[in-house]
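Understanding the architecture of this molecule
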Amino acid sequence: MNKIISQSWAISLRDLRKKLKWWKYLLSLIFLFVIIYFIGAGIDSFFNFSQYNTLNLKYSEFFSIAILLYLSALSCFISGIELVSGKKGFLKFLLVVPISKFTILFGKTIATIINFILSYFVIIILFLFIFNRFSFVTLFLLFLLFVYLIFVFQALGIWISSYFKKYETARRFSSYLALLMLFFSGILFPLDYFGKSIMLIYYLNPLTYFIDLARYISFNLGSLNLYLDLLVVLVFGIISIILGTIYYNKRIRN
Amino acid sequence: MIKINKLSKSFGKIQILKDISLNIKKGEIFGLLGENGAGKTTLLMVLSTLITPSNGDFFIKDFNNRKNPEKIRENIGVVFQELTLDEDLTVYQNLDIAARLYGLKKEERKERILFLVNLLDLGKECNKLVELLSGGMKKRAELARGLINNPEVLFLDEPTLSLDPKTRNNFWDYIKKINLKNKTTIILSTNYIEEAEKLCDRIAIIHEGKIAKIETTKQLKKEKKLNLYGVFLKYTK
């Protein structure tokens, strides 16, 4: 057990040392906050968004938490792809070290969670204060949802990358998928803005339900039924994690 | 130290290694000499447990690759052909992370890193980012990481590829030093004849996935009354 913990921590530490150079971290934190805040506040100032959506939220509220959730999902998805497809560099070295494949996965996931807390969750807390929606229950539930999302989308990345022989092709595919997820998950516009044919794409996109659930937690308002959100998030998440684990097992030392 | 029994490896329909059998003694520097695509790297990757063989098996220190791959990994070090260090970390950070992965405690880590830094003259470069190092220095840092767990067997995959002659010569001195100081068994793949000649106690000439000849370097030259280049050409026709 001790060995697993120290090895996982070594992997996490490596990822954190690479990603979290303090000045880069601080810059990206400020940059991300300013961008999201100004887009939201900018649209708030000239557009009475609440008239056009059934949620009765300001655009800045509607947009901010959702875009952070989307960014977290995307970075976990890419980290999942890298975990099995990019067998170069450090991963190649890891495979000749006496370490179990699940310790590698565990270490990578811890790094992703810590990275998420430092890069996105700090901004989420700031937004909850700005919108006067801060409570410890909200914060705790949002944290649980985001950690669950990390596991689900990392697993999804592993699973989807198993269909691609080359890492580069998997990355290219992920950028198309990212675009699709951005526009068809209710991050930018409420679901009821669109016609029925497009709504079908929304309903088929699992991220839609994660985002709706995050809005329920943050603002007690959502576009869909809360129980439907919970059901889809749980079922889709569990299936993704199972498939991701199976494919990870197959791919990592193959 | 290493016993290989009828090892084969295929990727789809292409057979890369064909029935390789050989024994390597403790403390030996063993060379795998062959043309590009002969199967040297594949053999090293199989022996380092990075890829599983299609047929056959091998033992390192009595540990079988199919039954105890973890035990094998504890006893080996690998220096890959390409750079596998993190370029955006310092040499020290790279070594520290590798040491943690092998379960070395804080004091042991410091001691081991210091030992390797001195052994391979990396002192000045220790706190520099890997991306700022020259090709030769990067290779030396890779070598240090390969030795972090004090392995009994060290695999070097074309370690001096793309290094200039002077740096290559220096690197050979370090390999000899490691072999002498720690009695480390070294398996080295190369396509440089002079590298094999200068470093190796024995050489296996690999041609199209098979071992064409195994002999001591001296014996190879004596037997055919040729220089090693002539012997190499003879067995890789």
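Residues numbered from 1 in each chain as written. Chains lettered and ligands numbered in written order. Predicted model: local features only at pLDDT ≥ 70, side-chain atom pairs only at ≥ 80, totals over all residues. Heavy atoms only, no water.

The helix and strand inventory of chain B stands at 9 helices and 10 strands. Relative to a compact globule of 237 residues, whose C-alpha radius of gyration would be 18 Å, chain B shows 18 Å and is just as compact. Out of the 237 residues belonging to chain B, those deemed buried represent 54%. Contacts spanning at least 24 positions in sequence make up 66% of the contacts within chain B whose residues lie at least 6 apart. Element-wise, carbon and sulfur atoms account for 49% of the exposed surface of chain B, whose accessible area totals about 10700 Å². For chain B, the centre of its 42 positive side-chain charges and the centre of its 31 negative side-chain charges are spaced 5 Å apart. (Helix = DSSP H or I, 4+ residues; strand = E, 2+ residues; numbered from the N terminus. Rg over C-alpha atoms; globule rule 2.2 N^0.38 Å. Buried < 20%, exposed > 50% of the residue type's maximum accessible area, 1.4 Å probe, protein only. Contact = heavy atoms within 4.5 Å. Areas by Shrake-Rupley, 256 points an atom, 1.4 Å probe, with all protein chains shown as cover. Lys, Arg positive; Asp, Glu negative; His and termini not counted. Charge placed at Lys NZ, Arg CZ, Asp CG, Glu CD.)

All names here are of chain B. Of the strand pairs in this sheet, strand 9 (residues 202-207) and strand 10 (residues 210-216) are connected by 6 bridges, and their pairing is antiparallel. Counted as the bridge partner of Arg202 is Thr216 from strand 10. Joining the antiparallel neighbours strand 9 and strand 10 is a turn of 2 residues, in which Glu208 adopts a positive phi near 45°. (Pairing = 2+ DSSP bridges.)

Counting residues in hydrophobic clusters, the biggest one holds 89 residues, and the most contacted among them are Phe93(A), Ile104(A), Leu101(B), Leu143(B), Phe155(B) and Ile187(B). With 6 residues, helix 3 (residues 91-101) of chain B is the largest single contributor of residues to this core. Setting aside chain neighbours within four positions, we find Leu143(B) in contact with Val79(B), Leu120(B), Leu154(B), Leu156(B), Phe171(B), Tyr174(B) and Ile178(B). Ile36(A), Leu69(A), Phe116(A) and Leu207(A) belong to the second largest nonpolar core, which has 65 residues in total. (Core = buried A, V, L, I, M, F, W, Y, C linked by side-chain atoms within 4.5 Å.)

Helical geometry: 3.6 residues make up each α-helical turn, so side chains three or four residues apart lie on a common side. Residue and element names in this part refer to chain A. Along its 26 residues, helix 10 (residues 226-251) runs 36 Å from first to last C-alpha, staying within 8% of the 38 Å computed at 1.5 Å per residue. Of all the positions in helix 10, only Asp229, Val233, Phe236, Gly237, Ser240, Gly244, Tyr248 and Arg251 are classed as buried. Where helix 10 starts, the residue carrying a side-chain oxygen 2.7 Å from the main-chain nitrogen of Tyr227 turns out to be Asn225. (Expected span 1.5 Å × (residues − 1). Polar contact = N/O pair within 3.5 Å; in protein donor to acceptor, adjacent residues only side chain to side chain.)

What follows covers the sheet that holds strand 8 (residues 185-190) of chain B. Residue and element names in this part refer to chain B. The strand order across the open sheet formed by 6 strands is 6-7-8-3-9-10, and the pairing between neighbours is mixed. For this open sheet the edge positions go to strand 6 (76-79) and strand 10, each flanked by a neighbour on one side alone. On average, adjacent strands in this sheet sit at an angle of 15° to one another, irrespective of strand direction. Running at roughly 165° to strand 6, helix 5 (residues 135-146) makes contact with strand 6 and strand 7 (153-157) of the sheet. (Axes fitted to C-alpha atoms, helices over the stretch in contact; angles between N-to-C directions.)

A separate point is the confidence of the model for chain B. Per-residue pLDDT for chain B has a mean of 86; in total, 94% of the residues score no lower than 70. Note on the complex model: pTM 0.81, ipTM 0.85. (pLDDT = per-residue confidence, 0-100.)

All names here are of chain B. The backbone of Asn150 sits at a positive phi, close to 50°, despite the residue not being glycine. Relative to the helices and strands, Asn150 resides in the loop between helix 5 and strand 7. Assessed through its relative accessible area of 43%, Asn150 is described here as partly exposed. The backbone of Lys183 sits at a positive phi, close to 55°, despite the residue not being glycine. Considering the arrangement of structural elements, one finds Lys183 in the loop between helix 6 (165-182) and strand 8.

All names here are of chain A. With their axes 8 Å apart at the nearest point, helix 1 (residues 2-19) and helix 5 (residues 101-130) run at an angle of 45° to one another. By the angle between their directions, the pair helix 1 and helix 5 is classed as oblique. As for how helix 1 packs across helix 5, the hand of that crossing is right-handed. In contact with Ile4, Gln7, Ser8, Trp9, Ile11, Ser12, Arg14, Asp15, Leu16 and Lys19 of helix 1, helix 5 contributes Thr103, Ile104, Phe106, Gly107, Lys108, Ile110, Ala111, Ile114 and Asn115. Of the residues that constitute the contact of helix 1 with helix 5, the class distribution is 9 nonpolar, 6 polar and 4 charged. (Parallel < 35°, antiparallel > 145°, perpendicular 65-115°, else oblique. Left-handed = near helix turned anticlockwise from the far one by under 90°. Nonpolar A, V, L, I, M, F, W, Y, C, P; charged D, E, K, R; others polar.)

Time to look at a nonpolar patch on the surface. All names here are of chain A. Together, Trp22, Trp23, Leu26, Leu27, Ile30, Val34, Tyr37, Phe38, Val122, Leu126 and Ile130 give the surface a local cluster of nonpolar side chains, amounting to about 1100 Å² of exposed area. Listed by contribution, the elements that provide at least two residues to the nonpolar patch are helix 2 (22-46) and helix 5. Looking at the nonpolar patch, the element that brings in the most residues is helix 2, giving 8 residues. (Patch = residues over 30% accessible without salt bridge, like charges linked within 9 Å, V, L, I, M, F, W, Y side chains within 5 Å. Salt bridge = Lys/Arg side-chain N within 4 Å of Asp/Glu carboxyl O.)

Attention now goes to the packing of aromatic side chains. Residue and element names in this part refer to chain A. Going through the model one piece at a time under the given rule, you end up with 22 aromatic pairs over all chains. Ring geometry for Phe164 against Phe173: centres 5.1 Å apart, planes inclined by 40°, an arrangement best described as tilted. Judged by relative accessible area, which is 19%, Phe164 ranks as buried. Chaining the aromatic ring pairs together yields one cluster made of Phe33, Tyr37, Phe38, Phe127, Phe131 and Phe219. (Phe/Tyr/Trp six-rings, centres within 6.5 Å; stacked < 30°, edge-to-face > 60°.)

Another point: empty space enclosed by the protein. Residue and element names in this part refer to chain A. This structure, assessed with the given rule, holds 5 cavities of 30 Å³ or more. Taken as a whole, the largest cavity spans an internal volume of roughly 50 Å³. Together, Phe62, Ser185, Gly186, Pro190, Leu191, Thr208, Ile211, Asp212, Arg215, Ser223 and Leu224 line the largest cavity. The greatest single-element share of the lining of the largest cavity, amounting to 4 residues, is contributed by helix 9 (residues 206-219). Split by residue class, the lining of the largest cavity holds 5 nonpolar, 4 polar and 2 charged. (1 Å grid on protein atoms, 1.4 Å probe; cavity = no way out; pocket = protein on both sides within 12 Å on 5 of 7 lines; lining within 4 Å. Points joined across faces, edges and corners; volume = space filled by probe spheres on them.)

So, about the interface of chain A and chain B. On the side of chain B, 24 residues touch chain A, which itself brings 21 residues to the contact. Taken over both partners, the interface formed by chain A and chain B buries close to 2300 Å², and the fraction arising from carbon and sulfur atoms is 61%. The interface formed by chain A and chain B holds 3 salt bridges in total. Asp96(B) serves as the salt-bridge partner of Arg17(A), at 3.3 Å between the closest nitrogen and oxygen. The tally of links between chain A and chain B comes to 4 residue pairs in polar contact (both at pLDDT 80 or more). Among the elements of the structure, helix 1 and helix 4 (89-94) of chain A are those that each provide at least two residues to the side of chain A that touches chain B. No other element matches the 9 residues that helix 1 of chain A contributes to the side of chain A that touches chain B. Considering only residue class, the side of chain A that touches chain B consists of 12 nonpolar, 2 polar and 7 charged. (Buried area = accessible area lost by both parts, 1.4 Å probe.)

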